[in-house]
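# Structural features, examined
The lines below spell out each chain.
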Amino acid sequence: MKRMGIAFLLNLFFACFELVGGLFTGSVAILSDALHDLGDSLSIGLSLGLEKVSKRPADGKYTYGYLRFSVLGSLLTYGILAAGSLAVLAGAAERLMNPVAIRYDGMILLAVFGVGVNFLAAWFTHGGESLNRRALSLHMLEDVLGWVTVLAGAVVMKLTGAVWPDAVLSMGVALFILSHAGKGLLAVGRLFLEKVPAEIHLEELKAHLEDVEGVAEVHHLHLRSLDGFRHEATLHAVITGDAAATKAHLREELAEHGAVHTVIETERVGETCPCRECVIPLPCGEHHHHHHH
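Since the model is a prediction, treat every value here as computed from it, not as a measurement.

Reading the values: rules and limits
- Residues numbered from 1 in each chain as written.
- Predicted model: local features only at pLDDT ≥ 70, side-chain atom pairs only at ≥ 80, totals over all residues.
- Heavy atoms only, no water.
- Helix = DSSP H or I, 4+ residues; strand = E, 2+ residues; numbered from the N terminus.
- Polar contact = N/O pair within 3.5 Å; in protein donor to acceptor, adjacent residues only side chain to side chain.
- Contact = heavy atoms within 4.5 Å.
- Buried < 20%, exposed > 50% of the residue type's maximum accessible area, 1.4 Å probe, protein only.
- Arc of directions from axis to C-beta.

## Focus on the side chain of serine 170
On the secondary structure map, serine 170 appears in helix H6 (residues 164-192). A distance of 2.9 Å separates the side chain of serine 170 from the backbone oxygen of alanine 167, its partner in a polar contact. Other than its neighbours up to four places away in sequence, serine 170 contacts Val28, Ala29, Ser32, Val88 and Ala92.

## Observations regarding the side chain of serine 54
Here serine 54 is to be found in helix H2 (residues 28-54). Those residues in contact with serine 54 that sit more than four places away from it in its chain are Tyr66, Leu67, Phe69 and Ser70.

## Section: helix H7 (residues 202-211)
For H7, the full list of buried residues reads Leu202, Leu205, Lys206, Leu209 and Glu210. Buried positions in H7, seen along its axis, are confined to an arc of 135 degrees and lie on one side of it. Exposed and oriented more than 90 degrees from the buried face of H7 are Glu203 and Asp211.

## Section: unusual backbone geometry
Phi angles above zero are rare outside glycine, and glutamate 194 is one such case at about 65 degrees. Among the structural elements, glutamate 194 can be located in the loop between H6 and H7. Exposure remark for glutamate 194: the relative accessible area of 31% places this residue in the partly exposed category. At histidine 220, a position not held by glycine, the phi torsion is positive, near 55 degrees. Mapping histidine 220 onto the fold places it in strand S1 (residues 215-225). Residue classification places histidine 220 among the buried positions, given a relative accessible area of 8%.

Spelled out as C-alpha cells, the structure:
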C-alpha cells in the first residue's frame, strides 16, 4: 500500500508539471498525456482507498466481505482511462485539422524527464495481484510508453519540421489505452454479472465433486467470483456416507478451485429436493432419471 501511495504522489506531482509543460510547448501529445495522468492520479487515489476497504473482514453489513470494493476501484480506474482516451482522440483529431507550431526542444526535455519519473512509478507498482492493482500497473506502464512515444515524436519533428506526428502519436497512445481499458471493463462486467470464473469448467468440477467418496450426485452447483480470485460456491450433494467427512472432502475439492465461501446442502438418496424443478445450471444428464417424483 505504501508503494501505491508513493506512486500516487509521484503521479499527481507529475500531472501538474505536465499540464504546464504541455501548455508551454503547445504539444497536444503532452497535454493529452497530462489529462491522462490527472485521470491516473484520481483513479490511483480512488483505488488506494478502495483497496484499503477491500481488506476489511466480513461484517454484518457486508457478509461476503469487502472484496468487491477493490473491483469497484478497477471499474472506476478503467472508466476514467477510457473516458480520458476518448477525449484525447477528439483533441488530436481537431489538431490534425488545425496544426499549430510546437516547441520541440522543450518537448524533448519534458519527455526525457517523463520517461524517468514514470519508469520509477511503474517500477514501484509492478507485480500486483488484485484486478485493481493490475489496472494500476497497466497505468504506470502506459505512462512510460506514452512518454517514450512523445520523445520519439519530438525528435522526428525536430529533424523533419513536420507537426502532424504529434497528433498521430497521441492518437496511437489513446487507442492503445482504450483497448486495454475496454478489456478491463469487460472483465469487471463479467464479475459483477456473476459469471462463472473463466478458469473454472463447471462440467469438470461437477465430475470431480461426484468422484468424492460417499457422494452419489451433485446438483444446484452455483459459482461466482467475489474479486476475480476468490470465489463462492453453493451446491446440493446427495450423499450415502458420513455427512461430516463427505462435506470436508467436498470443501477440499472446492478450495482447490479457489472457492473460499462454500455452502453445501446435503440430501439423502431418495430425498426429493424441493429445488429440483428450478433452473439446474448444468445440462441435466442421466442422473435425473433416477429421481421419481
